There are 2 protein chains.
Amino acid sequence: MPRTFSSSPVRDLLALTARPEVISFAGGLPAPELFDVEGLREAFGRAVSRRSLQYAPTEGDPDLRALVAARLTARGLPTATGDLLVTTGSQQALTLIATALLEPGAVVAVEEPTYLAALQCFRLAGARVVPVAGDERGMDPDALAEVVERERPELLYLVPTFANPTGRTLDETRRRAIAALAERHGLWVVEDDPYGELRYRGEPVPALASFGERVLHLGSFSKVGAPGLRLGWLRAPEPILRTLVVVKQAADLHTSAVDQAAAAVYLAAHDLDAHVARLCATYRERRDAMLAALPDTVPAGTTWTDPDGGMFVWLTLPGEVDTAVLLREALARDVAFVPGASFYATTPDHSTLRLSFTTATPAEIAEGMRRLASAF
Amino acid sequence: MPRTFSSSPVRDLLALTARPEVISFAGGLPAPELFDVEGLREAFGRAVSRRSLQYAPTEGDPDLRALVAARLTARGLPTATGDLLVTTGSQQALTLIATALLEPGAVVAVEEPTYLAALQCFRLAGARVVPVAGDERGMDPDALAEVVERERPELLYLVPTFANPTGRTLDETRRRAIAALAERHGLWVVEDDPYGELRYRGEPVPALASFGERVLHLGSFSKVGAPGLRLGWLRAPEPILRTLVVVKQAADLHTSAVDQAAAAVYLAAHDLDAHVARLCATYRERRDAMLAALPDTVPAGTTWTDPDGGMFVWLTLPGEVDTAVLLREALARDVAFVPGASFYATTPDHSTLRLSFTTATPAEIAEGMRRLASAF
């Protein structure tokens, strides 16, 4: 008998944004008008070769790994080429880690709410997911200590910087505490960091991986470059990395060698920092437009996060409202968001929702928020 | 504790071919000098766009799926766009199928010997792999019936056309018998078909999937186009396909949208059949060169297969020889092959080995076979 899996939440969500008249705050998509289409086209033109068209090493293109290692090092996380495995997007890294580290029945601790496709991935691996409480400073280390004591998780998953779905950032004190706790208990930590470079305010916080040896750090080209290439990377200590390479080989042999070569050409020829600065300037405006509109959009008593970066604002409505029901009202008015329930590992809070501000212009955001106000 | 996995056989093999002075008969690689580098470069130039750089549907690029469906239909396997899932190489299809269909402890039946990375993949899923006997006409349906009776496998895996590693082809009578047996027992069959278009002699045999509803058919761009793109496809009946889409979403969200768009542009603009005909003309010469040299290369009493297509010749040496030991002798003489043991699910025959004839010219094959003769 085939195993049965519930239909995927992300998948159902992406369908919401298909109608062109909808102003979508639902996706976690980068703004396509900011893609460097010309630069990437030129990079592909230079990258296509007999070498990049052939089978390639599972670990990834050595040039790309060296460039990524240099970037991570420059951002304060000392990384050698040999510490990195190129993955088919960050999403693949999650599945590889689940396969490598989790036996069926293993326990995974997560912040709550958290990235829904990570939840999906741990569930597919047969793991039991347990939530850890947090607040505007991110996951609470005391709450984590208690969960570790009670549940003995194998793995802790979190998006410490500009989290999906809340936009919150784990502060440095708590990063140190969580890394120390992981060392003490032999807990593996997955630091999923697709948004870290998209900072619109304040100073960077050092990566969780810089505070301990038990942290697997995941990065991605999807938010700072383009997601269509499906390029991510995983920084892990030996021997975990060796095991992950074996698992990846069974998963897809290697990530597209053409895409890797194109990314390496692009990173060598372009100033990605300057591109990221352009992204940040635009996304900052969009975040500001959304936050400015929120007080006139939502009912009194609604609370929301105030993200320093990333893509998301997280709302909690007052009273006994179900945002899944509200979504139907919103779609009838051609505006979309993500109901919050699917970001919960266990007991969902149905009064929550996620708004993404990256793909709409300030004018579209103003219009979308007006439509949303009418739905509320 | 992390799970532990034995180091990967394919991986160790690819390392053999790295030294430039080695004439390698070890890989299962297409000949890079036959890649249509210019055609693919132009296709990438046209494919890079805001759309192909963005996140994309998990099922795959609709244009590519339609083109692949038309090709399969033209080859005698009626296929609609909706029957197909694009995968990150055929290898990914195997892992998705293992995740979707196999609980730990499930039984998978395979022809013996068979593709070693498939064995790896089923083992990673916690399955028990049981071999089914065959001969020069491919898997023996009576032997399969007996295994089905005794072991109650969930899945049957085979490469029916120009098998890896033997080069053998399952004949039509046996295909019908195996498809009927699968229907009768509710057995899922994986027809892995990366080599089917590389025929150098004789008439095409209809796909196993054309004889029954229980067959998942896997195809690949790796052998007829270029493997660096990691593009494969999976043709499956609903609801298996729906489940596989959910599993794929957790695995990597979707296959590179740029690579898919480039392949779609390429297939629409070029005559792939003409390209395949060129590949076949060259590979036919190389197969002939290898088969012609074999009698003077190997010890008396050696037997080998006589493939109608594909990439491989399979040898069985006389007596108590271990080809893993022989490989060291061969490498000392700058020639490489794959010892046969790792292609066995259970009890390996150490006197076997696999030769690939695709990447060496006839002159290099002649020289490589002379070196091999001196090693024997």
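Residues numbered from 1 in each chain as written. Chains lettered and ligands numbered in written order. Predicted model: local features only at pLDDT ≥ 70, side-chain atom pairs only at ≥ 80, totals over all residues. Heavy atoms only, no water.

- As annotated in an unreviewed UniProt entry, chain A carries the name PLP-dependent aminotransferase family protein and is attributed to Saccharothrix syringae.
- Among the UniProt annotations of chain A, the heading Subunit (unreviewed entry) holds the following wording: "Homodimer."
- Here chain A is described in UniProt, under the heading Sequence similarities (unreviewed entry), as follows: "Belongs to the class-I pyridoxal-phosphate-dependent aminotransferase family." (UniProt positions renumbered as here; feature names shortened; annotations may be inferred.)

## A few points about the overall build of chain A
Point 1. Counting secondary structure elements, chain A contains 13 helices and 15 strands.
Point 2. Radius of gyration (C-alpha) of chain A: 20 Å, near the 21 Å computed for a compact globule of 376 residues.
Point 3. Judged by the C-alpha coordinates and their principal axes, chain A covers about 55 × 55 × 50 Å.
Point 4. Here chain A holds 376 residues, and 62% of them are scored as buried.
Point 5. Of the accessible surface of chain A, which amounts to about 13300 Å², a share of 53% is contributed by carbon and sulfur atoms. (Helix = DSSP H or I, 4+ residues; strand = E, 2+ residues; numbered from the N terminus. Rg over C-alpha atoms; globule rule 2.2 N^0.38 Å. Buried < 20%, exposed > 50% of the residue type's maximum accessible area, 1.4 Å probe, protein only. Areas by Shrake-Rupley, 256 points an atom, 1.4 Å probe, with all protein chains shown as cover.)

## Considerations on the relation of the copies chain B and chain A
Point 1. You can overlay chain B on chain A at an RMSD of 0.0 Å; the transform is a turn of 180° with a shift of 0.0 Å along its axis. Classification of the inter-copy transformation places it as that of a two-fold axis.
Point 2. Looking at chain B, 99% of its interface residues are interface residues in chain A too, so the copies touch through the same face. (Least-squares fit on C-alpha atoms with pLDDT ≥ 70 in both. Contact = heavy atoms within 4.5 Å.)

## Points about the interface of chain B and chain A
Point 1. Listed as interface residues are 68 residues of chain B and, on the opposing side, 67 residues of chain A.
Point 2. Between chain B and chain A, roughly 5600 Å² of surface is buried when both sides are summed, and carbon and sulfur atoms account for 60% of that area.
Point 3. Between chain B and chain A we count zero salt bridges in total.
Point 4. Where chain B touches chain A, the interface holds 25 residue pairs in polar contact (both at pLDDT 80 or more).
Point 5. If you list the elements that add at least two residues to the side of chain B that touches chain A, you get helix H1 (9-16), helix H2 (37-47), helix H3 (50-53), helix H5 (89-101), helix H6 (116-124), helix H9 (240-252) and helix H10 (257-269) of chain B.
Point 6. Take the side of chain B that touches chain A: its biggest share by element is nine residues, from H9(B).
Point 7. Broken down by class, the residue content of the side of chain B that touches chain A amounts to 34 nonpolar, 22 polar and 12 charged. (Buried area = accessible area lost by both parts, 1.4 Å probe. Salt bridge = Lys/Arg side-chain N within 4 Å of Asp/Glu carboxyl O. Polar contact = N/O pair within 3.5 Å; in protein donor to acceptor, adjacent residues only side chain to side chain. Nonpolar A, V, L, I, M, F, W, Y, C, P; charged D, E, K, R; others polar.)

## Side note on the side chain of A:Arg287
Point 1. Within the secondary structure layout, A:Arg287 lies in helix H11 (residues 272-297).
Point 2. Contacts of A:Arg287, omitting those with residues within four sequence positions, involve A:Tyr200, A:Arg201, A:Pro307, A:Asp308 and A:Phe357.

## Details of the sheet that holds strand E15 (residues 352-356) of chain B
The strands that make up a sheet pair up through hydrogen bonds in the backbone, lying either parallel or antiparallel.
All names here are of chain B.
Point 1. Here four strands make up an open sheet; going across it, the order is E11-E12-E15-E14 and the pairing antiparallel. Since the sheet does not close on itself, it has two edges, and those belong to strand E11 (303-304) and strand E14 (338-339), each with one partner.
Point 2. Bridge count for E14 against E15 is two bridges, and the pairing is antiparallel. Residue Pro339 lies in a different strand from E15, and its bridge partner there is Leu353. (Pairing = 2+ DSSP bridges.)

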